[in-house]
Amino acid sequence: MQISFQTDVGKKRNSNQDYVAVFKNQADITLAILADGMGGHQAGDVASKMAVDGIGDKWQETAIDSPEKACSWFVTAIQAANDAVYELGQEKPELQGMGTTIVCVAVFAEEFALAHVGDSRMYLVRDHEITQLTEDHSLVNELVRSGEITAEMAAVHPRRNVLTRSVGMPGLVEVDIASHFYKVGDYLLLASDGLTNMLSDDVIKWIVDEPISLAEKVKKLISGANDAGGADNITVLLIEIGGTAHD
């Protein structure tokens, strides 16, 4: 398994509220986490880093060795991150209202487990096809699902950045969890909406399928999003599956 990631500030932004990191636990299982923070001034930066590091630090203390255990653990760990972010926001007026998305994946011998809150996404690219594995927790996605607007209308909707779920809210946070078998040659892509708002799924798939190195694929995704307008922070984490896996 190979992992490459990169973040960048969109052309129209001068600060980066995205945060990404990779951790290993005591069973030598890799957990990749990506977050896209929100809030005034530096609040989004604080929320995204706090959530990722908090979840990652807890992961390093575990010996979780199965997707089933990981999925259960995700719910608890993300709730703890939610509470910590919310409480700090209540303590410090300059951070009040801060929050973040979270998308994370743990890769095991034959399967991967994922969890997410918000509109940062995870994709599977397999056999020249791309599949979005996460469901955006956003107002426009709710409108699309109810049939009130089309996906094309959602892409330019003035409230497309409004989330229905995020980490840093009071009370319980609903976490989507899932596990999937993988095949050798699969790519797992985690991305903030700075990428997915700028590049279509087909363009993302085309770049990931190119016969270039993993790091070059990531750089090309980032530069493509900036060339398309770079309206937001752009973060990409790409995992290439190699070795023995379930087929």
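What counts, and at which threshold
- Residues numbered from 1 in each chain as written.
- Predicted model: local features only at pLDDT ≥ 70, side-chain atom pairs only at ≥ 80, totals over all residues.
- Heavy atoms only, no water.
- UniProt positions renumbered as here; feature names shortened; annotations may be inferred.
- Axes fitted to C-alpha atoms, helices over the stretch in contact; angles between N-to-C directions.
- Helix = DSSP H or I, 4+ residues; strand = E, 2+ residues; numbered from the N terminus.
- Parallel < 35°, antiparallel > 145°, perpendicular 65-115°, else oblique.
- Left-handed = near helix turned anticlockwise from the far one by under 90°.
- Contact = heavy atoms within 4.5 Å.
- Buried < 20%, exposed > 50% of the residue type's maximum accessible area, 1.4 Å probe, protein only.
- Polar contact = N/O pair within 3.5 Å; in protein donor to acceptor, adjacent residues only side chain to side chain.
- Patch = residues over 30% accessible without salt bridge, like charges linked within 9 Å, V, L, I, M, F, W, Y side chains within 5 Å.
- Areas by Shrake-Rupley, 256 points an atom, 1.4 Å probe, with all protein chains shown as cover.
- Salt bridge = Lys/Arg side-chain N within 4 Å of Asp/Glu carboxyl O.
- Phe/Tyr/Trp six-rings, centres within 6.5 Å; stacked < 30°, edge-to-face > 60°.
- Core = buried A, V, L, I, M, F, W, Y, C linked by side-chain atoms within 4.5 Å.
- Expected span 1.5 Å × (residues − 1).

Per an unreviewed UniProt entry, the protein chain goes by the name protein-serine/threonine phosphatase and belongs to Enterococcus dispar ATCC 51266. The protein chain has a UniProt comment under Cofactor (unreviewed entry) that states "Mn(2+)".

**Q** Any details on the packing of helix H1 (residues 43–60) against helix H2 (residues 67–91)? Residues and values, ideally.
**A** Between H1 and H2, the least distance of the axes is 9 Å, while the angle of their chain directions is 140°. Classified by the angle between their axes, H1 and H2 sit oblique to one another. Between H1 and H2 lies a crossing whose hand is right-handed. Contacts from Val46, Ala47, Met50, Ala51, Ile55, Lys58 and Trp59 in H1 reach Ala70, Trp73, Ala77, Ile78, Ala80, Ala81, Ala84, Val85 and Leu88 in H2.

**Q** Which residues make up the side chain of Thr100, and what values go with them?
**A** Tracing the backbone shows Thr100 in strand E4 (residues 99–100). Given a relative accessible area of 0%, Thr100 falls into the buried group. Within the structure, the side chain of Thr100 is placed 3.3 Å from the backbone oxygen of Asp36, a separation counted as a polar contact. Once you skip the residues sitting within four places of it in the chain, Thr100 turns out to touch Ala35, Asp36, Gly37, Met38, Ala47, Ser48, Ala51, Ser166 and Val167.

**Q** Lay out a nonpolar patch on the surface with the relevant residues and their values.
**A** Taken together, the side chains of Met1, Ile3, Phe5 and Val22 present a nonpolar region at the surface, about 310 Å² in accessible area. Looking at the secondary structure, you find Val22 in strand E2 (residues 18–24).

**Q** Kindly report on the environment of Gly54, identifying the contributing residues and their values.
**A** Looking at where Gly54 falls in the secondary structure, it is placed in helix H1. Sequence separation of Gly54 and Ala77 is 23 residues, and the distance between their C-alpha atoms is 8.2 Å.

**Q** Now, about the packing of aromatic side chains: what can you tell me, with residues and values included?
**A** Here the structure, examined in full by the defined rule, presents two aromatic pairs. Geometrically, the ring pair formed by Trp59 and Trp73 is edge-to-face, given 5.1 Å between the ring centres and 65° between the ring planes. Taken as a pair, Trp59 in helix H1 and Trp73 in helix H2 lie far apart in primary sequence, 14 residues in all. We note that Trp59, like Trp73, is buried. The structure contains a cluster of three or more aromatic residues connected by ring pairs, namely Trp59, Trp73 and Phe74.

**Q** Please give an account of the nonpolar core that cites residues and values.
**A** Residues Leu31, Ile55, Trp59, Phe74, Ile78 and Ile102 are the most contacted members of the largest nonpolar core, which totals 34 residues. The set of elements that each furnish at least two residues to this core consists of E2, strand E3 (30–38), H1, H2, strand E5 (102–107) and strand E6 (111–117). Take this core: its biggest share by element is nine residues, from H2. Among residues more than four places away in sequence, those in contact with Ile102 are Ile33, Leu34, Ala35, Ala51, Val52, Ile55, Ile78, Ala115, His116, Val117 and Val167. Ala191, Leu195, Ile204 and Leu238 belong to the second largest nonpolar core, which has 19 residues in total.

**Q** Let's hear about the pattern of salt bridges: which residues, and what values?
**A** According to the stated counting rule, one finds nine salt bridges in the structure shown. The partner of Lys49 in a salt bridge is Asp53, and the shortest N-O contact between them spans 2.7 Å. Linking Lys49 with Asp53, this pair stays in helix H1, spanning four residues, or about one helical turn. Residue class for Lys49 comes out partly exposed when judged on its relative accessible area of 40%.

**Q** Please give an account of helix H7 (residues 214–227) that cites residues and values.
**A** Between its first and last C-alpha atoms H7 spans 20 Å; for 14 residues at 1.5 Å apiece the expected length is 20 Å, and the two agree. Listed in full, the buried residues belonging to H7 are Leu214, Lys217, Val218, Leu221, Ile222, Gly224, Ala225 and Asn226. Looking one or two residues beyond H7, the residue adopting positive phi is Gly229, at roughly 140°.

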